[in-house]
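Spelled out from the first residue to the last, the chains are:
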Amino acid sequence: MTTESVLRPAAEQQYAAELAAVAAADDRPRPPRWRMSPQAVVTYVLGGRLPDGTVITPKYVGDRRLVEVAVGTLVTDRALLLVGVPGTAKSWLSEHIAAAVSGNSMLVVQGTAGTGEDQVRYGWNYARLIAEGPSEAAIVASPVMTGMREGAVVRVEELTRMPAEVQDSFITILSEKTLPVPELGIQVQAVPGFTVIATANDRDRGVNQMSSALARRFNTVVLPPPATEDDEVEIVSARAAQLGRALQLPAEPPALEEVRRVVRIFRELRNGSTVDGRTQLKKPSGSLSTAEAISVVTSGMALAGHFGSGTITADELASGLLGAVVKDRVSDTAAWQEYLEAVVKERAEWRDLYRACQDMVG
């Protein structure tokens, strides 16, 4: 399938041209089965200009050293754990690193309360198992088993949402680089290039805490929220424009000033104070992440394109802001109303947004 025929292409499909250009220009040593060197992976993730003039777009906006440490971990015998609050691009970063290293970001285990051990280890083709008995041909390989055989990066999403006994299935895999199949008396041994990138949510601490034995198998990198307002505006603008093209929304890319208003509102409510520090604010119960800011702007583009003038205004942003901020009808409504009266109303250039938000609340 072409990238135009799917709603959300994988990173290695959407950025195939950039991956090929970076690999072609890469003259540094490559670890076994890596598509490019660690330095080239960082260039692909953070963006830059190649010697031939090709521009590589940034996939992640943040501290270069954090990305270098994350990529450098994968060269060692330890797995990588990306930790952060919701919306800090943990999954996004893991996908692009996997695409650059292995050319395949789709070996994924999704962690949930219902994730079973067979999704980490292997399952069985029961029709074949009954007809022929246990054999290697009857095994249904998990993404982990496939990654071990192919020497590829395996992604584990929301590790701490898995039950503790399922998490512990990774201990032997990560320490011994083997996956035992006791029913057949064999074990699958990982080939060079195999590694794991896991993600975990800061807000899920205590849901299914990792054992110390498993935690030792990971090198943990904490991804912070965007450091500055400008960084967050850049992320939201670029991602919203990209989503608008993918969804074929008949609206103009959002003006930077509209994006900045959304980002500033989110940052002030997250921090519990205005940007100048003069007004203390109640914090809503939601995370108000960068990902939610992207959703608010994209929703505004959809409303503007299909029901408005094609240009985002305060009217299109108001509904998205209300939905993002008010998760608890009582406490969050009070926090939002206080913010509107104490902050938004007092900013002369935000009067249109104040009126639109009050209409939504009313």
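This structure is a prediction, so every number in the text was calculated from the model and none was measured. Numbering of residues begins from 1 in every chain and follows the order in which that chain's sequence is written. Predicted model: local features are reported for residues with pLDDT of at least 70 only, side-chain atom pairs are reported and counted for 80 or more only, and whole-chain, interface and lining totals are derived from all residues. Calculation of side-chain values draws on the structure's entire complement of heavy atoms; hydrogens and water are dropped beforehand.

Draft legend 1. Structural context of the overall build of the chain. When you go through the chain residue by residue, the secondary structure sums to 17 helices and 11 strands. Using a 1.4 Å probe on the protein chains alone, a residue whose accessible area is under 20% of its type maximum counts as buried, one over 50% counts as exposed, and one in between counts as partly exposed. Buried positions account for 48% of the 362 residues belonging to the chain. Relative to all contacts within the chain whose residues are 6 or more apart in sequence, the contacts with residues 24 or more apart total 70%. Shrake-Rupley sampling with a 1.4 Å probe provides the accessible areas, and residues are treated as covered by the protein chains on show and by no other component. Of the roughly 17000 Å² that the chain leaves accessible, carbon and sulfur atoms contribute 52%. Under the scheme used here, helices are H or I runs from DSSP no shorter than 4 residues and strands are E runs no shorter than 2 residues, and both carry numbers assigned from the N terminus. Any pair of residues with heavy atoms lying within 4.5 Å of one another is described as a contacting pair.

Draft legend 2. Representation of the environment of E136 in the model. Relative to the helices and strands, E136 resides in the loop between α7 (126-132) and β6 (139-141). Here E136 falls in the exposed class, since its relative accessible area comes to 52%. C-alpha of E136 to C-alpha of S319: the two residues are 183 residues apart in sequence and 55 Å apart in space. E136 has contacts with L184 and I186, leaving out every residue within four places of it along the chain.

Draft legend 3. Just the packing of aromatic side chains, in detail. In this scheme Phe, Tyr and Trp rings, the latter by its six-membered ring, pair at centre separations within 6.5 Å, and the angle between planes marks the pair as stacked below 30 degrees, edge-to-face above 60, and tilted otherwise. Applying the stated rule across the entire model yields 3 aromatic pairs. Between Y15 and Y44 the ring centres are 6.5 Å apart and the planes differ by 80°, which places this aromatic pair in the edge-to-face class. Taken as a pair, Y15 in the loop between α1 (11-14) and α2 (16-25) and Y44 in helix α3 (residues 38-46) lie far apart in primary sequence, 29 residues in all. With respect to burial, Y15 and Y44 carry one shared label: buried. With centroids separated by 5.9 Å and ring planes inclined at 90°, the aromatic side chains of Y122 and W124 adopt a geometry described as edge-to-face. Classification of Y122 as buried rests on a relative accessible area of 8%. We classify W124 as buried; its relative accessible area is 15%. Here, a charge over a ring means that NZ of Lys or CZ of Arg falls within 6 Å of the ring centre while also lying within 35 degrees of the ring normal. In this structure, K59 is placed above the aromatic ring of Y44, and the distance from its NZ or CZ to the ring centre is 4.1 Å. The ring centre of W350 lies 4.6 Å from the NZ or CZ of R347, which sits over that ring.

Draft legend 4. Here's a closer look at the side chain of E232. By the element assignment, E232 lies in helix α12 (residues 229-246). Judged by its relative accessible area of 0%, E232 is buried. Side chain to side chain, E232 and T290 meet in a polar contact 3.0 Å long. If near-sequence neighbours (up to four positions away) are discounted, E232 is found in contact with P226, V263, R267, R270 and T290. N or O atoms within 3.5 Å of each other form a polar contact, as long as, within protein, one can give a hydrogen and the other can take it, and as long as residues adjacent in sequence are counted only when both atoms are side-chain atoms.

Draft legend 5. Quick peek at helix α4 (residues 64-75). Multiplying one less than the number of residues by 1.5 Å gives the expected span of a helix. In this model α4 runs 17 Å from its N-terminal to its C-terminal C-alpha over 12 residues, within 8% of the 16 Å that 1.5 Å per residue would give. Among the residues making up α4, those that are buried are V67, A70, V71, T73 and L74. Down the axis of α4, the buried set is contained in an arc of 150°. They therefore lie on one face. Where α4 is buried, its residues contact α3, β3 (79-84), α5 (90-102), β10 (195-201) and β11 (218-222). Its side-chain oxygen 2.9 Å from the backbone nitrogen of R65, D63 forms the N-cap of α4. The directions from the helix axis to the C-beta atoms are what the arc is built from.

Draft legend 6. A look at unusual backbone geometry. The backbone of K177 shows a phi angle near 55°, a positive value even though the residue is not glycine. Position of K177 relative to the elements: it lies in the loop between α10 (169-176) and β8 (178-181). When its relative accessible area of 23% is taken as the criterion, K177 is described as partly exposed. Here the phi dihedral of Q248 falls at roughly 55°; this positive angle occurs in a residue that is not glycine. Within the secondary structure layout, Q248 lies in the loop between α12 and α13 (256-271). The class of Q248 is exposed, set by a relative accessible area of 67%.

Draft legend 7. Inspection of the pattern of salt bridges at higher detail. Between Lys or Arg on one side and Asp or Glu on the other, a salt bridge is scored when a side-chain nitrogen of the former is within 4 Å of a carboxyl oxygen of the latter. For the structure shown, the criterion picks out 18 salt bridges. In this structure, E117 and R121 form a salt bridge, with 3.4 Å as the shortest nitrogen-oxygen distance. Since its relative accessible area comes to 39%, E117 is described here as partly exposed. Since its relative accessible area comes to 16%, R121 is described here as buried. As a salt-bridge pair, R261 and D352 come within 2.9 Å of each other at their nearest N and O atoms. Placement of the pair is R261 in helix α13 and D352 in helix α17 (residues 351-361), with a sequence separation of 91 residues. The exposure class assigned to R261 is buried, which follows from its relative accessible area of 6%. Each of the salt bridges in this network shares a partner with another, and the network as a whole consists of E229, D230, R260 and R264.

Draft legend 8. Region of interest: the nonpolar core. Residues belong to one nonpolar core when they are buried, are Ala, Val, Leu, Ile, Met, Phe, Trp, Tyr or Cys, and are joined through side-chain atoms within 4.5 Å. Membership of the largest hydrophobic core comes to 36 residues, with the highest contact counts inside it found for V262, I265, F266, L321, W336 and Y339. Counting residues per element, the ones that place at least two in this core are α12, α13, α14 (290-307), α15 (314-325), α16 (331-344) and α17. For I265, the contacting residues outside a window of four places in its chain are L321, W336, Y339, W350 and L353. Grouped together as the second largest cluster of nonpolar side chains are 33 residues, A79, V144, M148 and A152 included.

Draft legend 9. Looking closely at the domain arrangement of the chain. These domain limits were set by an automatic method or by a database of domain assignments. Segmentation of the chain into domains returns domain 1 (64-222) and domain 2 (229-361). Centre-to-centre, using C-alpha coordinates, domain 1 lies 36 Å away from domain 2. The interface is formed by 4 residues belonging to domain 1 together with 8 residues belonging to domain 2. For the pair domain 1 and domain 2, the two sides together bury roughly 380 Å², of which 53% comes from carbon and sulfur. Summed over both partners, the accessible area lost on bringing two parts together, with a 1.4 Å probe, is the buried area.

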